[in-house]
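# Topology and contacts: notes
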Amino acid sequence: MKHRLKKHWLLWVLLTTSVLAISLAGCGGGKEGTGDGVVRLEFWHAMGGPLGDALDALVAEFNGNHSDIEIQSISMGRYQALSQKIMAAVAADQPPDLAQVYEAWTENLIENGSAESMTAYINGPNGLSQEELDDFIPGMIENSTWDGEIYSFPFNKSVRALYWNKGAFAEVGLTQAPTNWDEYLEYAKKLTRDTDGDGEIDQWGTAGQISAWMFENLLVQNGGEILTDDGTRAAFDSPEGVEALEFMVELLTEYGKVTSGYEYQNDFQAGKIGMVEGSTVSLSFMEGKYTFDMALAPLPENKEKASFFAGTNVVIFADSCDPNKRAAWEFVKWFTSPEITARWAAMTGYAPVRRSAMNLPVMQERFTEVEGLESVFTQLEYASYEPRSAAWYAGRKYLEETGVEAALRKQMKPGEALAAAARAVNAELAR
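This structure is a prediction, so every number in the text was calculated from the model and none was measured. (Residues numbered from 1 in each chain as written. Predicted model: local features only at pLDDT ≥ 70, side-chain atom pairs only at ≥ 80, totals over all residues. Heavy atoms only, no water.)

Together, Asp194, Asp196, Asp198 and Glu200 line one region of the surface with negative charge. Of note, Glu200 is situated in the loop between α8 (181–191) and β8 (204–209). (Patch = residues over 30% accessible without salt bridge, like charges linked within 9 Å, V, L, I, M, F, W, Y side chains within 5 Å. Areas by Shrake-Rupley, 256 points an atom, 1.4 Å probe, with all protein chains shown as cover. Salt bridge = Lys/Arg side-chain N within 4 Å of Asp/Glu carboxyl O. Lys, Arg positive; Asp, Glu negative; His and termini not counted. Charge placed at Lys NZ, Arg CZ, Asp CG, Glu CD. Helix = DSSP H or I, 4+ residues; strand = E, 2+ residues; numbered from the N terminus.)

Now the structure itself:
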């Protein structure tokens, strides 16, 4: 009888242990309940170089201040690799606890039930007040909201800035950055020079890579739209869009250079270019690499005061265990607090996601160090975001390659290039 009871007891222990192991395996990428009272989470992202160093430093600080939570920061190196890893992990029911994502990825995660709504956490006892939500940069919470539920939170956001060489400007009698399209062209023309008299241009007015983001900003500044209001068709092939692309072609091919990769930044740092557009994050990669007096300015305006912010958000995965999800929310809340988002911005060039962060000493000090950065961030007050659909995420490549690139390479006229890109985008949207 005792032998039979012992066998039953051993079977119960084995079954209980198996159930517990299965339960823990279903907690996403992290491991909760390891016996030491620490909730361990995996945070997948694509930050590398100085940006990855800054993120790892903040994650380490969070871990040091939270004895019951440990965030493991895991970089996938590139956004494409991150996207593939997330999709594979979701398919295998083994996603991380939280990850950096683009909006189109979020839509897919919402559709397959993988994204956790943060609304309950925001409204809960460890949540955010309406006053705190209102402190976020306009559009950033809206950008994270689907059907009234907040499924993501702003993580690494940036706006475009004009970087200008003050010494090169002074040499041609210019004392400030251009403020409108007419000045943009005029200044680029003046800055395009043969400085040594050998008949060859030594300094170009501007330069840039083939960029849908640059065109999109010009488009909305000119009163155009990317897609129709219902999001079903391209709208960038409008007269406003054609005019914007014509301006971009004139600027970059008559008084500038179209470069590959980040060659335009290298040439600017070497003093070969008078001014360039780039993300505010370019500061992280450019500082210490130029010897001239540099300043930043908001993008030159045209008909509308408009721009797009860019970057990703962060999501919490629904398959994580409840303790992991609560700990993930604690990290998201901490990372987007005024103090931490201000430090993240000062360390990287990303925009603070809270208005009040702009007034904190760390940001005010940064504004003193980098002339014009504060005025660049004022663009956030009227900035919007690109369409969020998965179809647009794919269609954007058609705009960049079939539209913008074809026009800049002089393979098609701007109107023809945008019409061709619109046809490809419309086919993608109709799928």
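On we go.
This part is about the pattern of salt bridges. Applying the stated rule across the entire model yields 22 salt bridges. Measuring nitrogen to oxygen at the nearest pair gives 3.6 Å for the salt bridge that ties Glu216 to Arg396. With Glu216 in helix α9 (residues 212–221) and Arg396 in helix α17 (residues 390–408), this pair connects stretches of sequence that are 180 residues apart. Between Glu287 and Arg366 there is a salt bridge, and its shortest N-O distance comes to 2.6 Å.

For helix α14 (residues 338–348), a buried count of eight out of 11 residues is recorded, marking the element as mostly surrounded by other parts of the structure. Regarding α14, the residues found buried are Pro338, Ile340, Thr341, Ala342, Trp344, Ala345, Ala346 and Thr348. Considering only its buried residues, α14 is in contact with α2 (49–65), β6 (153–158), α12 (282–286), α13 (322–335) and α15 (361–369). A positive backbone phi angle near 95° is found at Gly349, which sits one or two residues after α14. (Buried < 20%, exposed > 50% of the residue type's maximum accessible area, 1.4 Å probe, protein only. Contact = heavy atoms within 4.5 Å.)

Attention now moves to the packing of helix α10 (residues 239–254) against helix α18 (residues 414–430). In the contact formed by α10 and α18, the axes pass within 9 Å of each other and the chain directions differ by 120°. Overall, the two elements α10 and α18 adopt an arrangement that is oblique. For the pair α10 and α18, the crossing hand works out as right-handed. Together, Gly241, Val242, Leu245, Glu246 and Val249 of α10 and Pro414, Gly415 and Leu418 of α18 make up the contact between the two elements. Here the residues of the contact of α10 with α18 are counted per class, giving five nonpolar, two polar and one charged. (Axes fitted to C-alpha atoms, helices over the stretch in contact; angles between N-to-C directions. Parallel < 35°, antiparallel > 145°, perpendicular 65-115°, else oblique. Left-handed = near helix turned anticlockwise from the far one by under 90°. Nonpolar A, V, L, I, M, F, W, Y, C, P; charged D, E, K, R; others polar.)

So, about the sheet that holds β6. Read from one edge to the other, the open sheet built from five strands follows the order β2-β1-β3-β13-β6, with strand pairing classed as mixed. Single-partner strands in this sheet number two, and they are β2 (69–75) and β6. Strand-to-strand twist across the sheet, computed as the mean angle between neighbouring axes with direction ignored, equals 20°. The pairing of strand β3 (residues 98–101) with strand β13 (residues 310–316) spans four bridges and is classified as antiparallel. Along β13, the bridge assignment pairs Leu98 with Ile316. Strands β3, β6 and β13 of the sheet are contacted by helix α4 (residues 103–111), whose axis makes an angle of about 130° with β3. In this fold α13 packs onto β1 (39–45), β2, β3, β6 and β13, with an angle of close to 55° to the strand it touches most, β1. (Pairing = 2+ DSSP bridges.)

As a further point, take the pairing of strand β11 (residues 294–297). Burial of the side chains of β11 extends over both faces: Met294 and Leu296 are buried on one face and Ala295 and Ala297 on the other. Sheet topology places strand β7 (residues 160–165) next to β11; four bridges connect them, and they run antiparallel. Among the inter-strand pairings, Leu162 is bridged to a residue of β11, identified as Ala297.

Everything listed is a geometric property; what it means functionally is a separate question.
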